[in-house]
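# Fold and geometry: a report
For reference, the chains in residue letters:
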Amino acid sequence: MPTIQLPLPTLMKPTVQCMPPHNHFSTPKGDESRPRELTQYFKELEYLFRDCGITNYTQMKEYMARYVMYNTAETWTSLPKFATTTTPVGNQAATAISYKNWKKAVIRLYRGAKESTCYMVNKLHQLV
């Protein structure tokens, strides 16, 4: 009796998620009137970057500014650290300004926004 050869299943390529449009319901929202939530906004977008395979600093910064109100985006993009590269100095080549440095500059704009908003237990005991 002849044997039937079935084709081996091919592994499916994982699909890469696309970044949502500006007004999509799933888009993380950044609200400058609540500065303590700003770091959470950055974290949510960083999860999306990872899911969408975005590793380019310029793209990251553009998306961060895309999902906030127009005036906020204007402020964030006017920061010198938003520029794609720094100008060469002497014999040094121009270098990309990292997303992390720009994010720190944005966070410094808002009183009450910090990289770490966790409270230490000893600080809480001091309040009691």
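Attention in this report is confined to the structure presented alongside it. (Residues numbered from 1 in each chain as written. Predicted model: local features only at pLDDT ≥ 70, side-chain atom pairs only at ≥ 80, totals over all residues. Heavy atoms only, no water.)

The next point concerns the overall build of the chain. Along the backbone of the chain there are five helices and zero strands. When the helices and strands of the chain are placed in sequence order, the string is α-α-α-α-α. Per-residue burial over the chain gives 28% buried out of 128 residues. At a minimum sequence separation of 6, the contacts of the chain that also span at least 24 residues come to 59%. Carbon and sulfur atoms provide 58% of the accessible area of the chain, an area that totals close to 10,200 Å². (Helix = DSSP H or I, 4+ residues; strand = E, 2+ residues; numbered from the N terminus. Buried < 20%, exposed > 50% of the residue type's maximum accessible area, 1.4 Å probe, protein only. Contact = heavy atoms within 4.5 Å. Areas by Shrake-Rupley, 256 points an atom, 1.4 Å probe, with all protein chains shown as cover.)

Topologically, I54 is positioned in the loop between α1 (38-52) and α2 (57-66). Overall, the relative accessible area of 11% leaves I54 in the buried class. Spatially, the C-alpha atom of I54 lies 9.5 Å from that of C18, the residues being 36 residues apart in sequence. Among all residues touching I54, those that are not within four sequence positions of it are M19, F49, Q59, M60 and Y63.

Taken as a whole and judged by the stated rule, the model has two salt bridges. Here R34 makes a salt bridge to E37, at a shortest N to O gap of 3.0 Å. (Salt bridge = Lys/Arg side-chain N within 4 Å of Asp/Glu carboxyl O.)

Taken N-terminus to C-terminus, the directions of α1 and helix α4 (residues 99-108) make an angle of 155 degrees; their axes are 11 Å apart at the nearest point. Taken as axis vectors, α1 and α4 run roughly antiparallel relative to one another. For the pair α1 and α4, the sense of crossing is right-handed. Residues L38, T39, F42, E46 and F49 of α1 form the contact with α4, whose own contacting residues are Y99, W102, K103, V106 and I107. Here the contact of α1 with α4 is composed, by residue class, of seven nonpolar, one polar and two charged. (Axes fitted to C-alpha atoms, helices over the stretch in contact; angles between N-to-C directions. Parallel < 35°, antiparallel > 145°, perpendicular 65-115°, else oblique. Left-handed = near helix turned anticlockwise from the far one by under 90°. Nonpolar A, V, L, I, M, F, W, Y, C, P; charged D, E, K, R; others polar.)

Let us look at the side chain of T72. For T72, the location among the structural elements is in helix α3 (residues 70-78). On the accessibility criterion, T72 (4% relative accessible area) is buried. The residues touching T72, leaving out its near neighbours within four places in the chain, are E32 and Y110.

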